[in-house]
Amino acid sequence: DTEVTQTPKHLVMGMTNKKSLKCEQHMGHRAMYWYKQKAKKPPELMFVYSYEKLSINESVPSRFSPECPNSSLLNLHLHALQPEDSALYLCASSQGFNRGRGNTFGSGTRLTVV
Amino acid sequence: GQQLNQSPQSMFIQEGEDVSMNCTSSSIFNTWLWYKQDPGEGPVLLIALYKAGELTSNGRLTAQFGITRKDSFLNISASIPSDVGIYFCAGNYGGSQGNLIFGKGTKLSVKP
């Protein structure tokens, strides 16, 4: 199993809604990541979890709240988002943080905030 | 912060032609990676390079890790329509905050 699975694939939410994005991998990877990607731009790192502990928070607004319940799962809780938060949200995993072996990406969740 | 310069920004080529794109950095990198992203999908790793001078192939794709460790190129031979997409280079310099630094991407269009 060499996949990172993200759900849902598409999400439309209002600015007062609370929703969650989910990510799952069963490759035994110990580092998991959330990226945000706007159209025609490269992915931008948001959060890194290493061994289920938050290692990096790239100054992301508190309306985005990550959670790593176990080594296979990563969630991103969303609350009071703004229209400019509309983007493709990508989850990724790697064998270990900072080993430079390349991240395996999921297909992403296309988020639209209305 | 670290930046990667990726060029060209876009390419329009005829099916069957060869393609070349490259990335340069002002800093030394320990790893160079090349990803391809199709619309609405996540990036897919094509080739990973771990040693200076390393030349690696994956089918019609060939990539090299520059000797100076500050650059990498990706070549695609005999392009086909399914090569269309955005190609990103990414590097890892192994710093304490080290993760992948991405180039801005090369958008490839192939005319049949």
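Everything discussed here concerns the structure shown above.
Residues numbered from 1 in each chain as written. Chains lettered and ligands numbered in written order. Predicted model: local features only at pLDDT ≥ 70, side-chain atom pairs only at ≥ 80, totals over all residues. Heavy atoms only, no water.

A. How the structure looks around the overall build of chain B. Looking only at helices and strands, chain B features zero helices and eleven strands. Over its C-alpha trace chain B gives a radius of gyration of 14 Å, about what one expects of a compact globule, namely 13 Å for 112 residues. Principal axes of the C-alpha set define a box for chain B whose edges measure 45 × 30 × 20 Å. Taken across its 112 residues, chain B has 46% of its residues classed as buried. Once local pairs closer than 6 in sequence are excluded, the contacts in chain B between residues at least 24 apart make up 53%. Accessible surface computed for chain B: about 5300 Å², of which carbon and sulfur atoms make up 51%. Where the 8 positive side-chain charges of chain B centre and where its 8 negative ones centre are 9 Å apart. (Helix = DSSP H or I, 4+ residues; strand = E, 2+ residues; numbered from the N terminus. Rg over C-alpha atoms; globule rule 2.2 N^0.38 Å. Buried < 20%, exposed > 50% of the residue type's maximum accessible area, 1.4 Å probe, protein only. Contact = heavy atoms within 4.5 Å. Areas by Shrake-Rupley, 256 points an atom, 1.4 Å probe, with all protein chains shown as cover. Lys, Arg positive; Asp, Glu negative; His and termini not counted. Charge placed at Lys NZ, Arg CZ, Asp CG, Glu CD.)

B. How the structure looks around the layout of surface pockets. All names here are of chain B. Roughly 600 Å³ of volume is contained in the largest pocket. Contributing elements (two or more residues each) for the lining of the largest pocket: strand S9 (85-92) and strand S11 (106-111). With three residues, the top contributor of residues to the lining of the largest pocket is S9. The class makeup of the residues in the lining of the largest pocket is seven nonpolar, eight polar and seven charged. (1 Å grid on protein atoms, 1.4 Å probe; cavity = no way out; pocket = protein on both sides within 12 Å on 5 of 7 lines; lining within 4 Å. Points joined across faces, edges and corners; volume = space filled by probe spheres on them. Nonpolar A, V, L, I, M, F, W, Y, C, P; charged D, E, K, R; others polar.)

C. Looking closely at unusual backbone geometry. Of note, the bond from A:Thr7 into A:Pro8 is cis; its omega dihedral lies within 30 degrees of zero at -10 degrees. Going from B:Ser7 to B:Pro8, the amide bond is cis rather than trans, its omega being -5 degrees. Locating B:Pro8 in the fold gives a position in the loop between strand S1 (4-7) and strand S2 (10-14). Even without being a glycine, A:Ala80 presents a positive backbone phi close to 55 degrees. Inspection of the secondary structure puts A:Ala80 in the loop between strand S8 (73-79) and strand S9 (87-94).

D. The arrangement of the sheet that holds strand S1 (residues 4-7) of chain A in detail. All names here are of chain A. Read from one edge to the other, the open sheet built from four strands follows the order S1-S3-S8-S7, with strand pairing classed as antiparallel. The open sheet has two edge strands, S1 and strand S7 (64-70), and neither has a second partner. Averaged over all neighbouring strand pairs, the angle between strand axes comes to 20 degrees, with direction disregarded. Across five bridges, S7 lies against S8 in antiparallel orientation. Looking at S8, one finds that Ser65 is bridged to His77. (Pairing = 2+ DSSP bridges. Axes fitted to C-alpha atoms, helices over the stretch in contact; angles between N-to-C directions.)

E. How the structure looks around the pairing of S11(B). Residues and elements named next belong to chain B. Examined bridge by bridge, S2 and S11 share five bridges and lie parallel to one another. Residue pairing in the sheet places Phe12 in a bridge with Ser109 of S11. By the bridge criterion, three bridges tie S9 to S11 in an arrangement that is antiparallel. When the bridges of S11 are listed, Ile86 appears paired with Lys107.

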